[in-house]
Amino acid sequence: MSYGILFDVSRCIGCKACMEACQQSHGQALNESENLSANNFTVVKTKNLNDTEIYYRQLCMHCEKPSCASVCPVGAFTKTPEGAVLYDAKKCIGCRYCMVACPFDVPKYEWDKSLPLVKKCDMCYHRITQGQPTACAEACPTEATVFGKRDDLIKLARERIQNEPDKYKPYIYGLTEAGGTSILVISHVDFEELGFKIKKYQQDFPQYTWQVMREIPNVVAFGGVFLYGLWWIINRRMTLQEIPLAEPKNPQKEVK
Ligand code: SF4
Ligand code: SF4
Ligand code: SF4
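Residues numbered from 1 in each chain as written. Chains lettered and ligands numbered in written order. Predicted model: local features only at pLDDT ≥ 70, side-chain atom pairs only at ≥ 80, totals over all residues. Heavy atoms only, no water.

Trainee: Please clarify how the overall build of the chain should be interpreted in this entry.
Mentor: When its secondary structure is counted, the chain shows ten helices and nine strands. In the chain, which comprises 256 residues, the proportion classed as buried is 44%. Considering only contacts within the chain whose residues lie at least 6 apart along the sequence, 57% involve residues at least 24 apart. Of the roughly 13600 Å² that the chain leaves accessible, carbon and sulfur atoms contribute 52%. (Helix = DSSP H or I, 4+ residues; strand = E, 2+ residues; numbered from the N terminus. Buried < 20%, exposed > 50% of the residue type's maximum accessible area, 1.4 Å probe, protein only. Contact = heavy atoms within 4.5 Å. Areas by Shrake-Rupley, 256 points an atom, 1.4 Å probe, with all protein chains shown as cover.)

Trainee: What exactly am I supposed to notice about the site of ligand 3 here?
Mentor: What surrounds ligand 3 is a group of 15 residues, the closest being Cys-12, Cys-15, Lys-16, Cys-18 and Cys-140. Its residues placed into classes, the shell around ligand 3 shows ten nonpolar, three polar and two charged. (Near = heavy atom within 4 Å. Nonpolar A, V, L, I, M, F, W, Y, C, P; charged D, E, K, R; others polar.)

Trainee: Even after reading the chapter, I still don't get the site of ligand 1, so can you show me in this structure?
Mentor: The environment of ligand 1 is formed by 13 residues, the closest being Cys-60, Met-61, Cys-63, Cys-68 and Cys-102. The residue inventory of the shell around ligand 1, partitioned by class, reads ten nonpolar, two polar and one charged.

Trainee: Can you help me understand the nonpolar core in this one?
Mentor: Across soluble globular proteins, nonpolar side chains have a tendency to be buried as a group. In terms of nonpolar packing, the biggest core is built from 42 residues, with Phe-7, Val-9, Phe-104, Tyr-173, Val-185, Leu-194 and Phe-196 touching the most fellow members. Counting only elements with at least two residues in this core, the list comes to strand S1 (3–8), helix H1 (17–25), strand S2 (42–49), strand S3 (52–59), helix H5 (135–139) and strand S9 (183–186). The element best represented in this core is S3, accounting for four residues. Leaving out residues up to four positions away in the same chain, Val-185 has contacts with Leu-6, Phe-7, Val-9, Tyr-171, Ile-172, Tyr-173, Phe-191 and Phe-196. Listed in part, the ten residues of the second largest apolar core include Leu-6, Leu-153, Ile-161 and Tyr-168. (Core = buried A, V, L, I, M, F, W, Y, C linked by side-chain atoms within 4.5 Å.)

Trainee: Help me out: how do you make sense of the environment of Lys-197 in this one?
Mentor: Relative to the helices and strands, Lys-197 resides in the loop between S9 and helix H7 (205–213). Separated by 93 residues in the primary sequence, Lys-197 and Phe-104 have C-alpha atoms spaced 9.2 Å apart. Residues within four places of Lys-197 in sequence aside, it is in contact with Tyr-173, Glu-177 and Glu-192.

Trainee: Explain unusual backbone geometry here, please?
Mentor: Excluding glycine, a negative phi dihedral is what most residues carry, and trans is how most peptide bonds are arranged. With a phi angle near 50°, Met-123 is a residue other than glycine that sits in the positive phi range. Residue Cys-124 is not a glycine yet carries a positive backbone phi of 45°. Within the secondary structure, Cys-124 is located in the loop between strand S7 (118–119) and helix H4 (125–128).

Trainee: I keep staring at H1 and nothing clicks. Help me out?
Mentor: Within an α-helix, residues lying three or four positions from one another point in the same direction, as the helix has 3.6 residues per turn. Three or more residues of H1 are buried, namely Cys-18, Met-19, Ala-21, Cys-22 and Gln-23. With its phi angle positive at about 65°, Gly-27 sits one or two positions after the end of H1.

Trainee: Whenever I open this one, the state of the cysteines confuses me. Can you help?
Mentor: By definition, a disulfide links two cysteine residues through a covalent bond between their sulfur atoms. Inspection of every chain in the model, using the stated rule, returns zero disulfides. As a non-bridged cysteine, Cys-92 has Cys-98 as the owner of its nearest cysteine sulfur, 6.5 Å distant. (Disulfide = S-S within 2.5 Å.)

Trainee: What is the right way to read the pairing of S3 from this model?
Mentor: Every regular strand shows the same layout, with side chains that alternate between the two sheet faces. In this structure, S2 lies alongside S3, joined through eight bridges in antiparallel fashion. By the bridge assignment for S3, Thr-46 is matched with Tyr-55. Hairpin geometry of S2 and S3 is characterised by an intervening segment of two residues between the two adjacent antiparallel strands and by a positive phi of about 50° at Asn-50. (Pairing = 2+ DSSP bridges.)

Trainee: I'm lost on the pairing of S1 in this one. Help?
Mentor: Along S1, five of the six residues are buried, which leaves the element largely enclosed by surrounding structure. Two elements, S1 and strand S8 (residues 145–149), share five bridges in a ladder whose sense is antiparallel. Its bridge partner lying in S8, Tyr-3 is registered against Lys-149.

Trainee: Sorry if this is basic, but what is going on with the confidence of the model for the chain here?
Mentor: The predicted coordinates should not be examined in detail at positions where pLDDT is low. When pLDDT is averaged along the chain, the result is 87; 80% of the residues meet or exceed 70. Below a pLDDT of 50 lies the segment residues 218–228, which in the model reaches eight contacts outside its immediate sequence neighbourhood of four places, other chains included. This stretch, residues 243–256, has a pLDDT under 50; its non-local contacts, to residues over four places away or in other chains, come to 13 contacts. (pLDDT = per-residue confidence, 0-100.)

As C-alpha cells, this is what we get:
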C-alpha cells in the first residue's frame with residue numbers, strides 16, 4: 001500500500017506545529033529554522049506575495065523513482081512499498097552522491113559529527129507501519145497537511161480544487177514531477193512563485209543523474225586513494241557497529 005502526504009498551501013497558517021511534531025518524533029532539539037538540516041527534516045517557509053504572507057512546507061518528496069537511491073553505489077536508499085524512501089546508515093559510505101543527485105536538495109549531512117550520516121524525512125516509517133499518520137499530519141490543525149493512501153490523496157486534492165475552482169490553481173504538484181512523488185501539493189498561488197519547479201522536472205531524474213554519476217567512481221578507483229577509501233569505508237562501518245578497527249599502515253602517505 002503506497003501512502004503519501006497532501007500539503008495544501010492555501011490552508012497553511014504557518015504555525016509550525018508540523019515542524020515541532022517532526023522534531024519531537026525524531027528526538028531532535030526544537031527549533032524554528034527555515035532551512036532543512038540534519039536536525040530539521042521539514043521546515044515551514046514564508047514568502048511575501050503582494051503583501052500577503054504565504055506559508056509552505058519543504059520536506060523529502062519521497063519520489064516514485066528516487067534519484068538518491070539510483071545513484072547510491074551501496075544501496076543505502078530504498079523506496080519502500082509504503083511509499084517512504086528510507087536511508088540505511090549501516091550501508092552508507094559517506095560519498096554524498098545522494099545530496100548531489102536529489103533534485104529537491106533534501107538530504108543533509110551531519111557535518112559537525114566525527115562519523116557523519118545523511119539525514120532526511122523518513123515519512124515517519126515507525127508510525128505509518130503501525131497504522132498511525134505521520135507526526136506532521138497528526139499535528140496540523142487546519143488539514144493543510146494530510147496523510148493517507150496516495151490514490152485517496154489525489155482524489156482529495158481534485159475534490160478541493162473542483163469545489164473551489166476560483167481559489168485553487170488547477171494543478172497537483174507531484175503527480176508527474178520527477179516521475180511522480182508521494183508528497184503532493186496543491187496551491188492557491190503560482191507554484192513557480194514559491195520556488196516549486198515544474199517545467200524542468202517533467203522527467204525521471206535517475207536516468208540523467210546516472211549518466212553523470214556513474215563516471216565518478218572510475219576517477220577515484222586508483223592507487224592509494226582507493227586503498228585509503230576502502231579502509232575508510234570499512235572503518236566507518238565497523239565504527240557504526242561500535243567494533244574497533246586498526247589504523248592502516250601509512251594513511252598519510254596514501255591520501256593526497
Ligand atoms: S526528494 Fe530527494 S531525497 Fe527525497 S526521495 Fe526524492 S531524490 Fe530522494
Ligand atoms: S513525515 Fe514524519 S519525518 Fe517526514 S516531515 Fe512529517 S513528521 Fe517529519
Ligand atoms: S502544522 Fe499545518 S498549518 Fe501549521 S505550519 Fe504545518 S502545515 Fe502549516
